[in-house]
Amino acid sequence: MTPAKCLQIFRFVQMIIQKENEKILDEIREFKPIPSGKDIVKYRLWKEQKEICLYTGKKISAEELFASDGGYDIDHILPYSKTFDDSYRNKVLVRSEANKNKGNRTPYEYLISQGGEKAWEEFTIRIEHNIKDYKKRQKLLKKHITDEETNEFKRRNLQDTQ
């Protein structure tokens, strides 16, 4: 493929993304007059998750999502401090309280500590029914992060930033 053709495809994809973001902004403005970039990410995650908190299973209304009290957070599925992974695939929208309680753990470690195997089983069903992205599902269903994996994540993500 020629460089000119690559540039043409790139510009076309950019145009599609821009139109999609404009549509999302219009939808967000129904609830929040001046949306931020973070609001766009929250909205995308909310839609991707079929408007539920993956950790609690509770439905999230648009009014709650954009309420000024900030009852919902963007959580790093695998803790950023262990993986340096700030990608979209490593993010979910969850109740602020659940995010705070999860802390620096995997969803598995958090859910087992909160409700045991039953909580984990319910979570895995939510993931299988709501998350289409295979790599994101893998992150959500990962039980533990070993020290070796932590070092590899850091090495890879630091290398990606150089």
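Below is a summary of the structure that appears in this document. Because the structure is predicted, anything quoted here is derived from the model rather than measured.

**As for the environment of alanine 98**
- Position of alanine 98 among the secondary structure elements: in helix H5 (residues 96-102).
- When its relative accessible area of 4% is taken as the criterion, alanine 98 is described as buried.
- Expressed as a C-alpha distance, the spacing of alanine 98 and lysine 154, which sit 56 residues apart in the sequence, is 25 Å.
- With sequence-adjacent residues up to four places away left out, alanine 98 is seen in contact with Tyr55, Thr56 and Tyr110.

**Observations concerning the packing of helix H6 (residues 107-130) against helix H7 (residues 134-141)**
- Closest axis-to-axis distance for the H6/H7 pair is 11 Å, and the angle between their directions is 155 degrees. In terms of orientation, H6 and H7 fall into the roughly antiparallel class. Across from Pro107, Trp120, Phe123, Thr124, Ile127 and Glu128 in H6, the residues of H7 making contact are Arg137, Leu140 and Leu141.
- In the contact of H6 with H7, the residues fall into 6 nonpolar, 1 polar and 2 charged.

**Observations regarding the pairing of strand E2 (residues 91-95)**
- Counting buried residues in E2 gives 4 out of 5 residues, a clear majority hidden from the surface.
- For strand E1 (residues 72-76) and E2, the ladder comprises 5 bridges, and the chain directions are antiparallel. Counted as the bridge partner of tyrosine 72 is arginine 95 from E2.

**Here's the deal with the side chain of aspartate 75**
- Assignment of secondary structure puts aspartate 75 in strand E1.
- Residue class for aspartate 75 comes out buried when judged on its relative accessible area of 4%.
- One polar contact links aspartate 75 to tyrosine 55, side chain to side chain, over a distance of 2.5 Å.
- Of note is the side chain of aspartate 75, whose polar atom sits 3.2 Å from the side chain of lysine 102.

What counts as what
- Residues numbered from 1 in each chain as written.
- Predicted model: local features only at pLDDT ≥ 70, side-chain atom pairs only at ≥ 80, totals over all residues.
- Heavy atoms only, no water.
- Helix = DSSP H or I, 4+ residues; strand = E, 2+ residues; numbered from the N terminus.
- Buried < 20%, exposed > 50% of the residue type's maximum accessible area, 1.4 Å probe, protein only.
- Contact = heavy atoms within 4.5 Å.
- Axes fitted to C-alpha atoms, helices over the stretch in contact; angles between N-to-C directions.
- Parallel < 35°, antiparallel > 145°, perpendicular 65-115°, else oblique.
- Nonpolar A, V, L, I, M, F, W, Y, C, P; charged D, E, K, R; others polar.
- Pairing = 2+ DSSP bridges.
- Polar contact = N/O pair within 3.5 Å; in protein donor to acceptor, adjacent residues only side chain to side chain.

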